[in-house]
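# Structure at a glance
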Amino acid sequence: MIIYLEQQALTVRDGLTVAAALAHSGDERTRRSCSGAPRAPFCGMGICQECRMTIDGRRQLACQTLCREGMHVERSL
Amino acid sequence: MTEQRLDCDILIVGSGPAGLAAAQAASRSGASLVVIDDNPRPGGQIWRNGPDTRLAPAVRERFKVLDSPQLRYLSGTRIIDAAGPQALLLEDAEHAWIIDYRQLILCCGARELLLPFPGWTLPGVTGAGALQALLKNGLPLRGERVVVAGSGPLLLASAASARQAGARVTRVLEQAPGAALARFATGLWRWPSKIRQALTLATPAYRSNAHVLEALGEQRLEAVRIRQGNSTLELPCERLACGFGLVPNTLLASHLGCQLQDHAIVVDHQQRTTVPGVLAAGECTGVGGSELALIEGEIAGLVASGQASAAAALNLRRQHWQAFANQVRSTFALRPEVLQLARPDTLLCRCEDVAFSAIAEQPGWNAAKLQSRCGMGACQGRVCATAAQALFGWAPPRPRTPLVPARIATLLKH
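What you are looking at is a predicted structure, and each value in this text was computed from that prediction instead of being measured. (Residues numbered from 1 in each chain as written. Chains lettered and ligands numbered in written order. Predicted model: local features only at pLDDT ≥ 70, side-chain atom pairs only at ≥ 80, totals over all residues.)

### A look at the overall build of chain A
When you go through chain A residue by residue, the secondary structure sums to one helix and seven strands. Sequence-ordered secondary structure for chain A, helices as α and strands as β, is β-β-α-β-β-β-β-β. In terms of overall dimensions, chain A is globule-like: its C-alpha atoms have a radius of gyration of 11 Å, near the 11 Å expected for 77 residues. In chain A, buried positions account for 49% of the 77 residues. Across chain A, every contact between residues at least 6 apart in sequence was considered, and the portion connecting residues at least 24 apart equals 39%. (Helix = DSSP H or I, 4+ residues; strand = E, 2+ residues; numbered from the N terminus. Rg over C-alpha atoms; globule rule 2.2 N^0.38 Å. Buried ≥ 20, exposed ≤ 12 C-beta atoms within 10 Å, placed from the backbone. Contact = placed C-beta atoms within 7 Å.)

### What to know about the sheet that holds strand β11 (residues 206-207) of chain B
Residues and elements named next belong to chain B. With parallel pairing, five strands are arranged side by side in an open sheet as β8-β15-β9-β10-β11. This sheet does not close on itself; its edge strands, each paired only once, are β8 (125-126) and β11. Bridge count for strand β9 (residues 145-150) against strand β10 (residues 168-174) is six bridges, and the pairing is parallel. The residue of β10 that forms the bridge with A149 is L173. The sheet strands contacting helix α3 (residues 128-136) are β8, β9 and β15 (239-243), and the helix crosses β15 at an angle near 125°. Across the sheet, helix α4 (residues 154-164) lies against β9, β10 and β15, angled at about 175° from β10, the strand it touches most. (Pairing = 2+ DSSP bridges. Axes fitted to C-alpha atoms, helices over the stretch in contact; angles between N-to-C directions.)

### Quick notes on the interface of chain A and chain B
Much of the literature gives interface size as the accessible area that the parts lose upon coming together. Between chain A and chain B, the residue contacts involve 34 residues of the former and 32 residues of the latter. Taken together, the elements giving at least two residues each to the side of chain A that touches chain B come down to α1 (18-25), β4 (38-39) and β6 (58-61) of chain A. The residue makeup of the side of chain A that touches chain B, split by class, is 16 nonpolar, 10 polar and eight charged. (Nonpolar A, V, L, I, M, F, W, Y, C, P; charged D, E, K, R; others polar.)

### Description of the pairing of strand β1 (residues 5-13) of chain B
Residue and element names in this part refer to chain B. As paired strands, β1 and strand β6 (residues 96-106) are joined by eight bridges and run parallel to one another. Paired with I12 across the two strands is I105, which belongs to β6. Sheet analysis places β1 next to strand β2 (residues 33-36), joined by four bridges and oriented parallel. The residue bridging I12 from the neighbouring strand is V35, located in β2.

### Here's the deal with the nonpolar core
Residues and elements named next belong to chain B. In this structure, A22, I105, L106 and L240 are the most contacted members of the largest nonpolar core, which totals 147 residues. If one sorts the elements of this core by residue count, helix α8 (residues 290-304) sits on top with nine residues. In contact with I105, not counting residues within four places along its chain, are I10, I12, A22, L279, A281, A300, G301 and A304. (Core = buried A, V, L, I, M, F, W, Y, C linked by C-beta atoms within 7 Å.)

### Digging into the environment of V59 of chain B
Considering the arrangement of structural elements, one finds V59 of chain B in helix α2 (residues 57-63). Once the C-alpha coordinates of V59 of chain B and V328 of chain B are considered, the two residues, 269 residues apart in sequence, prove to be 24 Å apart.

### Remarks on the domain arrangement of chain B
Residue and element names in this part refer to chain B. You can read the domains of chain B as domain 1 (5-111 + 247-328), domain 2 (114-244) and domain 3 (342-414). Of the residues lining the interface, nine residues belong to domain 1; the matching set on domain 2 comes to 10 residues. The class makeup of the residues in the side of domain 1 that touches domain 2 is three nonpolar, four polar and two charged. (Domains from an automatic or database assignment.)

### Some details on the packing of α8 of chain B against helix α10 (residues 315-331) of chain B
Residue and element names in this part refer to chain B. Between α8 and α10, the least distance of the axes is 9 Å, while the angle of their chain directions is 145°. Considering the relative orientation of α8 and α10, their crossing is left-handed. Of the residues in α10, those in contact with E291, L292, I295 and E296 of α8 are R317, R318, W321, Q322 and A325. Across the contact of α8 with α10, the residue classes tally to four nonpolar, one polar and four charged. (Left-handed = near helix turned anticlockwise from the far one by under 90°.)

### Digging into the sheet that holds strand β7 (residues 72-74) of chain A
Residues and elements named next belong to chain A. The strand order across the open sheet formed by five strands is β2-β1-β7-β5-β6, and the pairing between neighbours is mixed. Looking at strand neighbours, the two that pair on one side only are β2 (8-11) and β6, the edges of this open sheet. Sheet twist, expressed as the average angle between the axes of neighbouring strands with direction ignored, equals 40°. Direction of pairing for strand β5 (residues 52-55) relative to β7: antiparallel, over a ladder of two bridges. In the strand pairing of β7, I55 is matched with V73.

### Here's the deal with α4 of chain B
Residue and element names in this part refer to chain B. Of all the residues in α4, the buried ones are L154, L155, L156, S158, A159, S161 and A162. Among the structural elements, α3, β9, β10, α6 (192-201) and β15 are those in contact with the buried residues of α4. Positive backbone phi, approximately 95°, marks G166, located one or two places after α4.

### Regarding the pairing of strand β13 (residues 223-228) of chain B
Residue and element names in this part refer to chain B. Note: strand β12 (residues 210-216) against β13, six bridges, orientation antiparallel. Opposite V212, over in β13, you have I226 as the bridge partner. Hairpin connection of β12 to β13: six residues between the antiparallel strands, including G217 at a positive phi of 155°. Where β13 lies against strand β14 (residues 231-236), six bridges are found, and the strand directions are antiparallel. If you follow A223 over to β14, its bridge partner there is P236. The hairpin formed by β13 and β14 contains two residues between the paired strands, and G229 there has a positive phi angle of roughly 60°.

### A few points about the environment of R72 of chain B
Relative to the helices and strands, R72 of chain B resides in strand β3 (residues 71-74). The exposure class of R72 of chain B is partly exposed, given the 17 C-beta atoms found within 10 Å.

### Side note on the packing of α3 of chain B against α4 of chain B
Residues and elements named next belong to chain B. Two elements in contact, α3 and α4, have axes whose closest approach is 9 Å; the angle formed by their N-to-C orientations is 35°. You can see that α3 and α4 cross each other, and the crossing is left-handed. Across from A128, G129, L131, Q132 and L135 in α3, the residues of α4 making contact are L154, L155, A157, S158, S161 and A162.

### A word on α10 of chain B
Residue and element names in this part refer to chain B. Here α10 is 17 residues long and its end C-alpha atoms lie 24 Å apart, about the 24 Å a rise of 1.5 Å per residue gives. Those residues of α10 not exposed but buried are R318, W321 and T331. Buried residues in α10, looked at end-on, bunch into an arc of 150°, giving them a common side. Along α10, the residues that are exposed and aim more than 90 degrees away from the buried face are L316, Q319, N326 and S330. Contacts made by the buried residues of α10 are with α5 (178-186) and α8. (Expected span 1.5 Å × (residues − 1). Arc of directions from axis to C-beta.)

Below, the structure written as C-alpha cells:
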C-alpha cells in the first residue's frame, strides 16, 4: 500500500505501524523536542508519547497506528 | 461505531494474557463482555501480533474468545476518564463514547522502567521491550548492530527477537551480579518450562554485572559506552534497547480509587480490588509473568461472572507462579550504580526537556513539577515520574484527567 510521509509517497507492506514505516523510509524521526533535538519512537507501546505525529490531520501515536492506504503522516518538526 | 453509549455486564481493560483469560472464563457464564485495548492488535506486550510474528497455536487459540458473539472487542481504544460510578469515557482514532458496566476487570499490564542516562533521548535508543514491540510491528533490523541492556528476563527475549529479525546482537548487558543469576538458575528446577525457555534464549553475548554508561552520537545513536565488571568499553551500534525491568500500570486503578501497595494494585484472593465491582489481574497487580497473569485473569473472570466457586481450584497454581515472580524480583533488584547514570545535564523529563539537575535538587515530585515543568508534557509523567520514583523514592503523582491526551470533542461528551 502507499502512504504519504511528508507528502512523499512511501510503499509499505500490510500490517506495519507508522513507526515501522518511518524506519523503512530511512528516517525514523517523529518530532523535534521543545529544545530542538530529534526524537524517535522510544517505548514502543503507547506510553512515552515520543512518537506523536499528525496522522490524517489528527495527533496520533505512530507506534500504535497501523498504516492505511493513502494515509498522510506529518512529523512535528 | 456511531453509538453514543455502550453497555456491558463485564468490561475488561487489556487484551494481554490476563485480559484474554478473564474474557475466556467470563464468557462461560453468558455475561455480555467488552474488551478494550489501546493497541491496534490483541495479545498485550508478550503476545503482540504483527506482520512478521508467528504466534504459537496455543496463543492463537486464546485470541478466539474475541470473536465470540457475546463479546465486543474495541481495539485502538483509550480510557480518558471515569464518567460516573460505573462508566468510563473512551475514544479511538475516530470516535468517543461512554461505556456502562456492572463489573470492571483491570488487566492493564506493565510498562518498562526507563531510567535516564546520557544520550538516552537519541534516535536509535529504545526500551528493551520497546525494541521487541517495534519489531513485531514491522521495524526493519536486518544487518544492524544491537546492544540490549538493563535488567530482567525480558532482555533475553528482546535479544532473541532482534536476532531472528537479522540483527547482530553484540551484547546483552544485565546489571545483576553473576552470583545472583547463579542462585536464580539453581532454583529454577521448580519451574521446568522456565529452564527450557532460558536454554532457548541463551546467548554468548550475555554479560552479568554489566550496564550501559552512555549512548553516543550526534543526531542518532552511533555507539554505547558500557561498564562490564571493572572495565569500560565502547561498542559501535545502530540500536540500544535498554529497560530496567517492569512497572505495573496502575493509573486507571488509582484514578478509580483502588488502593495501591508497592506500586501495584492491591487485590484479594479473588482478584478483587478495594473498590466494589472492580477486579484486577496480571502485571498491574504486581509483575509476575504471563503464566501468573493467565491464572489471575481466569480467577478474575470467574469471580466477576458469578463462578467464584470454580476459582478456588486455581489458588495452588497461582502460588506456584507467584513464587517464581518473587525469585525474579529479588534476582534482578537494581544496583545503586544504575540509579546514578544521569549527569546534571541529562534530560529526565523527555517531554518538557527538563534536566536531571533541575529535578534532583527538589524535595519531592510536586515541588520539582512546579519549579521545572517536569511531568507536565504529553506523557503526563509516565516516564519521568516513574523514573523519579525509582531514583529518589518520590511518591508518584495523583492521576489527572484526561488520563491520556484526548480530543476536545471527546471531553465534551463527558
